[in-house]
Amino acid sequence: MAEGKQGNTKEITIEERLLALFRLQKADSKIDNIQFLRGELPFEVSDLEDEITGLETRIKNYKEEVTVLKKSITAEKNRVSDSKGKIKEYEVKLNEIRNNREFDSLNKEIEYQGLEIELADKHIKEFTKAIDVKKVQITEAETVLGDKKEDLTVRKSELEQIVGETQNEEVDLKKLSDDLSLVIEPRLLQAYLRIRKSVRNGLAVVKVEREACGGCFNKIPPQRQLEIAQRRKVIVCEHCGRVLVDKGFEDEVV
Ligand SMILES: [Zn+2]
């Protein structure tokens, strides 16, 4: 039993560090793959949700405008029936008049009420037209809204399926990644994270394969290959800067 090792992280060998780094790379690459599978879906879903909220607000506003227009039409109709009532009263009075002055004045009133009716009718026509325009806008917006909602349902279920399939795996991988990050020397971890960001495939730790760097595929001199196989030093590719590890690591990681 290695009793001296208990609770003493300083005794972690370079080989163990490299192995931890290799395992970290594997976990992070798997997380990358899961996120790649989800792709743009999470963004598409939230964009759709925003669009739907916007459309619903627009439709609500249109409907409120229709309500206001309808109220205005009712008011204009009341004005028409008021004027018609007055005209009837004046016409009755016309039969009872005694002089020209009263006759003229009543006729003027009747004419005035007639103009009021014309004006109100004109307004009613305008408001009715405006309502028709709004109704077309509402129908159009509702059609778009329906399509967007259908689209959202499809995208959401796609996303839920992908997330559902990979969620537990991702949680486990993130935990593993965090645990391994704690074991790896901070300077090495920083270098790892920096390289990962700078390379397209997110690979900062690669194996030597066919005597070449598994990241950039440049040949590695035999002496360096030997040093890598010995696992006593952290060796980086002189072309791409990735950390190079012995191919045998693959068999030691489950
Ligand atoms: Zn390289």
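A. Structural context of the overall build of the chain. Assigned secondary structure in the chain consists of six helices and four strands. Traced from its N-terminal end to its C-terminal end, the chain shows the element sequence α-α-α-α-β-β-α-β-β-α. A globule of 254 residues ought to have a C-alpha radius of gyration of about 18 Å, yet the chain, at 41 Å, is considerably larger. If you line up the chain on its principal axes, its C-alpha atoms span 130 × 40 × 30 Å. Within the span of the chain, comprising 254 residues, buried residues form 30% of the whole. Taking contacts inside the chain between residues at least 6 apart in sequence as the whole, the part at least 24 apart equals 72%. With the model as given, the accessible surface of the chain reaches about 17600 Å², and the carbon-plus-sulfur share is 52%. Counting 46 positive and 51 negative side-chain charges, the chain places the averaged centre of each group 3 Å from the other.

B. Region of the structure containing the coordination of the zinc ion. Taken together, C213 (SG), C216 (SG), C237 (SG) and C240 (SG) make up the protein donors of the zinc ion, found 2.2 to 2.3 Å from the metal. The coordination sphere of the zinc ion comprises four donor atoms, whose angles at the metal cover 106 to 116°; the geometry is tetrahedral. By relative accessible area, C213 is classed as buried at 1%. Looking at C216, the relative accessible area reads 24%, which means it is partly exposed.

C. Representation of helix α4 (residues 186-198) in the model. With 13 residues, α4 should reach 18 Å at 1.5 Å per residue; the first-to-last C-alpha distance of 18 Å fits that figure. Of the surrounding secondary structure, the elements contacted by the buried residues of α4 are α1 (14-38), α3 (100-183) and β1 (205-209).

D. Local environment of the sheet that holds strand β3 (residues 235-236). Read from one edge of the open sheet, four strands run β2-β1-β4-β3, paired in mixed fashion. Each of the sheet's edge strands pairs with one partner strand only, and the pair in question is β2 (212-213) and β3.

E. Structural view of the packing of α1 against α3. Running from amino to carboxyl end, α1 crosses α3 at an angle of 160°, the nearest separation of the two axes being 9 Å. On the basis of their axis angle, the class for α1 and α3 is roughly antiparallel. Viewed along their axes, α1 and α3 form a crossing whose handedness is left-handed.

F. The domain arrangement of the chain, seen in detail. Assigned domains of the chain: these are domain 1 (11-36 + 182-252) and domain 2 (41-168). Distance from the C-alpha centre of domain 1 to the C-alpha centre of domain 2: 69 Å.

G. Main features of the pairing of β1. For β1, a buried count of four out of five residues is recorded, marking the element as mostly surrounded by other parts of the structure. Two elements, β1 and strand β4 (residues 243-245), share three bridges in a ladder whose sense is parallel. Looking across to β4, one finds that V206 is bridged to L244. Across two bridges, the pairing between β1 and β2 is antiparallel. Bridge assignment links E209 to a residue of β2, and that residue is A212.

Cut-offs used in this document
- Residues numbered from 1 in each chain as written.
- Predicted model: local features only at pLDDT ≥ 70, side-chain atom pairs only at ≥ 80, totals over all residues.
- Heavy atoms only, no water.
- Helix = DSSP H or I, 4+ residues; strand = E, 2+ residues; numbered from the N terminus.
- Rg over C-alpha atoms; globule rule 2.2 N^0.38 Å.
- Buried < 20%, exposed > 50% of the residue type's maximum accessible area, 1.4 Å probe, protein only.
- Contact = heavy atoms within 4.5 Å.
- Areas by Shrake-Rupley, 256 points an atom, 1.4 Å probe, with all protein chains shown as cover.
- Lys, Arg positive; Asp, Glu negative; His and termini not counted.
- Charge placed at Lys NZ, Arg CZ, Asp CG, Glu CD.
- Donors = N, O, S within 2.8 Å, 3.2 Å for Na, K, Ca; no water.
- Tetrahedral: all angles 85-135°; square planar, octahedral: opposite > 155°, others 65-115°.
- Expected span 1.5 Å × (residues − 1).
- Pairing = 2+ DSSP bridges.
- Axes fitted to C-alpha atoms, helices over the stretch in contact; angles between N-to-C directions.
- Parallel < 35°, antiparallel > 145°, perpendicular 65-115°, else oblique.
- Left-handed = near helix turned anticlockwise from the far one by under 90°.
- Domains from an automatic or database assignment.

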